[in-house]
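# Tertiary structure, described
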Amino acid sequence: MQKKERFRRFLEYFTQHYPEPKTELHFGNPYELLVAVILSAQCTDKRINQISPSLFARFPEPESLAAASVDEVFTYIRSVSYPNNKAKHLVGMANALMEKFGGEIPATLEELQTLPGVGRKTAHVILSVVYNEPTMAVDTHVFRVSHRLGLAPLTATTPLAVEKALMAHIPKQYVPKAHHWLILHGRYVCLARAPRCGVCELKGFCKYYEKVSEPGFS
DNA sequence: ATCCCGAGGG
DNA sequence: CCCTCTGGAT
């Protein structure tokens, strides 16, 4: 099957069945989203949503977070992965927001990536969700699902390469939605360890299913 | 033992 | 390129 046809069927299916996807992280403003996305690295959204209400109540805006001690922030996020690093990142991020951007969340990839704890993936999420820009954040789900479905070539071995492969074939107006579609599919159907091919509606054009359903596959 | 919406440093 | 960070769920 042609790559173009794979993308067409992928977009068609989710447009039909999940027309308005959105992030499952809970947030009330761009600042809260930025904090939540930084915390979400190598951690489930569910856990972030469990600790974020008390964190946002104590540090409701960049000013209070910038003035906080790393030790106190740590006590709010101790149950997420890498709490020491993330506590430092959050305080450093808030200080950089205050000093360089007047407390506002910047709207360019370059500016966002200057913030401590904000790499290419997090910056793309902010651009996509907050500013609705056609950018593709490639996380572990997007990376895995893109390869399995055959939306990214096996030669795309880095997140950036997968990002370029997806951007080359997804119409701009679908990019923010496609980001969520790939994540949701990875989270609930195309699981890393035990993909639920039995209930997957996309296996008809999935390269991974094509392989695992071969007669002699072990 | 492996995975979860990665980033920073060597 | 590699390594480290490092809690909780499965």
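Every value quoted in this text rests on a predicted model; they were computed, and no experiment measured them.

### Thoughts on the packing of aromatic side chains
- This structure, assessed with the given rule, holds six aromatic pairs.
- Pairing Phe-10 with Trp-181 gives two aromatic rings, centres 6.4 Å apart and planes at 80°, and the pair type is edge-to-face. Here Phe-10, found in helix 1 (residues 3-17), pairs with Trp-181, found in helix 11 (residues 175-188); they are 171 residues apart in sequence, far enough to count as distant.
- In this structure Trp-181 comes out as buried when scored by relative accessible area, which is 1%.
- Here Tyr-174 and Trp-181 contribute two aromatic rings whose centre-to-centre distance is 6.5 Å and whose plane-to-plane angle is 35°, an arrangement assigned as tilted.
- Put simply, the rings of Phe-10, Tyr-13, Phe-14, Tyr-174 and Trp-181 pair up and form one aromatic cluster.

### Some points on the side chain of Arg-6
- With respect to the helices and strands, Arg-6 occurs in helix 1.
- For Arg-6, which is buried and forms no salt bridge, the nearest opposite charge comes from Glu-210, at a distance of 4.5 Å.
- Apart from residues no more than four positions distant in its own chain, Arg-6 is found in contact with Met-1, Leu-149, Gly-150, Leu-151, Phe-205, Cys-206 and Lys-207.

### As for the domain arrangement of chain A
- The assigned domain composition of chain A is domain 1 (3-21 + 137-210) and domain 2 (30-129).
- Listed per partner, the contact involves nine residues of domain 1 and seven residues of domain 2.
- When domain 1 packs against domain 2, the two sides together hide about 620 Å² of surface, and 57% of this comes from carbon and sulfur.
- Inspection of the domain 1/domain 2 interface yields two salt bridges.

### A word on the protein's contact with DNA strand B
- Taken together, 28 residues form the shell around DNA strand B, and within it Thr-23, Gly-117, Thr-122, His-141 and Arg-193 come nearest.
- Taking all atoms of DNA strand B within 4 Å of the protein, the share assigned to sugar and phosphate is 66%.
- Between a phosphate oxygen of DNA strand B and a main-chain N or O atom of Gly-119, the distance comes to 3.0 Å.
- His-141 is positioned such that a nitrogen or oxygen atom in its side chain is 2.6 Å from a phosphate oxygen of DNA strand B.
- Within the residue set of the surface near DNA strand B, elements represented by two or more residues are helix 8 (120-129), helix 9 (140-149) and helix 11.

### Examining the UniProt feature "domain: HhH-GPD" (unreviewed entry) in chain A
- In the numbering used here, UniProt assigns the "domain: HhH-GPD" (unreviewed entry) feature to residues 39-188.
- The span residues 39-188 is 64% helical and 0% strand by assignment, and the distance between its end C-alpha atoms comes to 21 Å.

### With respect to the side chain of Ser-128
- Among the secondary structure elements, Ser-128 is positioned in helix 8.
- In contact with Ser-128, other than residues within four places in its own chain, are Glu-133, Thr-135 and Pro-176.

### Some thoughts on the pattern of salt bridges
- Per the stated rule, a full pass over the model turns up seven salt bridges.
- Glu-20 is the partner of Lys-177 in a salt bridge, and the nearest nitrogen-oxygen pair spans 3.4 Å. Here the residue Lys-177 occupies a position in helix 11, and Glu-20 occupies one in the loop between helix 1 and helix 2 (30-39), the gap between them amounting to 157 residues.
- Residue Glu-20 is classed as exposed on the basis of its relative accessible area of 58%.
- Between Asp-45 and Arg-187 there is a salt bridge; the shortest N-O distance is 3.1 Å. One end of the pair, Asp-45, is in helix 3 (residues 45-58); the other, Arg-187, is in helix 11, with 142 residues separating them in the sequence.
- Under the relative-accessibility criterion, Arg-187 is labelled partly exposed at 23%.
- Salt bridges linked by common partners bring Glu-5, Arg-8 and Glu-12 together as one network.

### Some details on unusual backbone geometry
- Unlike most non-glycine residues, Gln-42 shows phi in positive territory, near 50°.
- For Gln-42, the position within the fold is in the loop between helix 2 and helix 3.
- Of note, Asn-132 is a non-glycine position whose phi angle comes to about 50°, a positive value.
- Mapped onto the secondary structure, Asn-132 falls in the loop between helix 8 and helix 9.

Rules of the game
Residues numbered from 1 in each chain as written. Chains lettered and ligands numbered in written order. Predicted model: local features only at pLDDT ≥ 70, side-chain atom pairs only at ≥ 80, totals over all residues. Heavy atoms only, no water. Phe/Tyr/Trp six-rings, centres within 6.5 Å; stacked < 30°, edge-to-face > 60°. Helix = DSSP H or I, 4+ residues; strand = E, 2+ residues; numbered from the N terminus. Buried < 20%, exposed > 50% of the residue type's maximum accessible area, 1.4 Å probe, protein only. Lys, Arg positive; Asp, Glu negative; His and termini not counted. Salt bridge = Lys/Arg side-chain N within 4 Å of Asp/Glu carboxyl O. Contact = heavy atoms within 4.5 Å. Domains from an automatic or database assignment. Buried area = accessible area lost by both parts, 1.4 Å probe. Near = heavy atom within 4 Å. Polar contact = N/O pair within 3.5 Å; in protein donor to acceptor, adjacent residues only side chain to side chain. UniProt positions renumbered as here; feature names shortened; annotations may be inferred.

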